Amino acid sequence: MSSNVIYRKMVTEDVPAVYEIELATFSTPWTLDSFYYEVHENQYAHYVLAIDDDNNIIGFCGMWMVIDAAQITNVAVIEAARGRGIGEGLMREAIRIAKDHSMEVMSLEVRVTNTVAQNLYRKLDFQDGGIRKGYYTDNGEDALVMWVNL
């Protein structure tokens, strides 16, 4: 696997590869149609891709930007690329884009057991905001709401 990564916006042709990462990452994945909807219909959606120097999509981060708030919808990195800072790079790029669009705050939900992700978000100055009880439909796990002022 290559060592250089660039970040760019998702386009229609990227959806099948993004969907494959979604399927491999999440126990309750979004549908393929939902990603096409995000690209074509959802005026609030913006997806950032991590691309290696072989032009492979190795991760993605989705967010919705509404009025002055950005909500992270999903972040995923292929298993072979985890631990290389790709998730951090995706989040930093999402934060940059949100700031460029005059967003004032960014928030997300993360499983209460996902301490690796929580540690990354705290590194990026996210704060704990509360608990959403039974948020995850696959097992009823609670979500920790986290936010950061931009």
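For the structure itself, consult the block above.
Residues numbered from 1 in each chain as written. Predicted model: local features only at pLDDT ≥ 70, side-chain atom pairs only at ≥ 80, totals over all residues. Heavy atoms only, no water.

Colleague: An account of the pairing of strand E5 (residues 105–111) is needed here, citing residue identities and associated values.
Modeller: Buried residues dominate E5, accounting for six of its seven residues. As judged from the three bridges shared by strand E4 (residues 69–77) and E5, these two strands associate in the parallel manner. When the sheet's bridge partners are listed, Ala-69 is paired in E5 with Val-105. At this point the chain moves from E4, through helix H3 (residues 86–100), to the parallel E5, and the crossover so formed is right-handed. (Buried < 20%, exposed > 50% of the residue type's maximum accessible area, 1.4 Å probe, protein only. Helix = DSSP H or I, 4+ residues; strand = E, 2+ residues; numbered from the N terminus. Pairing = 2+ DSSP bridges. Right-handed = clockwise from strand over helix to strand, strands pointing away.)

Colleague: How would you summarise the side chain of Glu-93 if you had to cite specific residues and measurements?
Modeller: Tracing the backbone shows Glu-93 in helix H3. The class of Glu-93 is buried, set by a relative accessible area of 17%. Among the polar contacts made by the side chain of Glu-93, one reaches the side chain of Arg-96 at a distance of 2.6 Å. Sequence-distant contacts of Glu-93, defined by excluding residues within four places in its chain, comprise Tyr-7 and Val-48. (Polar contact = N/O pair within 3.5 Å; in protein donor to acceptor, adjacent residues only side chain to side chain. Contact = heavy atoms within 4.5 Å.)

Colleague: How would you summarise the packing of H3 against helix H4 (residues 115–123) if you had to cite specific residues and measurements?
Modeller: Packed helix pairs are specified by the crossing angle of their axes together with the interaxial distance, meaning the distance between the axes. At a minimum axis separation of 11 Å, H3 and H4 run at an interaxial angle of 45°. Accordingly, the angle class assigned to the pair H3 and H4 is oblique. The crossing of H3 and H4 is right-handed. Seen from H3, the contacting residues are Gly-87, Glu-88, Met-91 and Arg-92; seen from H4, they are Leu-120, Tyr-121 and Lys-123. Class assignment of the residues belonging to the contact of H3 with H4 gives a composition of three nonpolar, one polar and three charged. (Axes fitted to C-alpha atoms, helices over the stretch in contact; angles between N-to-C directions. Parallel < 35°, antiparallel > 145°, perpendicular 65-115°, else oblique. Left-handed = near helix turned anticlockwise from the far one by under 90°. Nonpolar A, V, L, I, M, F, W, Y, C, P; charged D, E, K, R; others polar.)

Colleague: Requested: an account of helix H1 (residues 15–25), with residues and values cited.
Modeller: Those residues of H1 that fall on the buried side of the exposure criterion are Val-15, Val-18, Tyr-19, Ile-21 and Glu-22. Along the axis of H1, the buried positions cluster into a sector of 160°, meaning they face one direction only. Of the exposed residues in H1, the ones pointing more than 90 degrees away from its buried face are Glu-20 and Ala-24. If you follow the buried residues of H1, they end up packed against helix H2 (32–40), strand E2 (45–52), strand E3 (57–66) and E4. (Arc of directions from axis to C-beta.)

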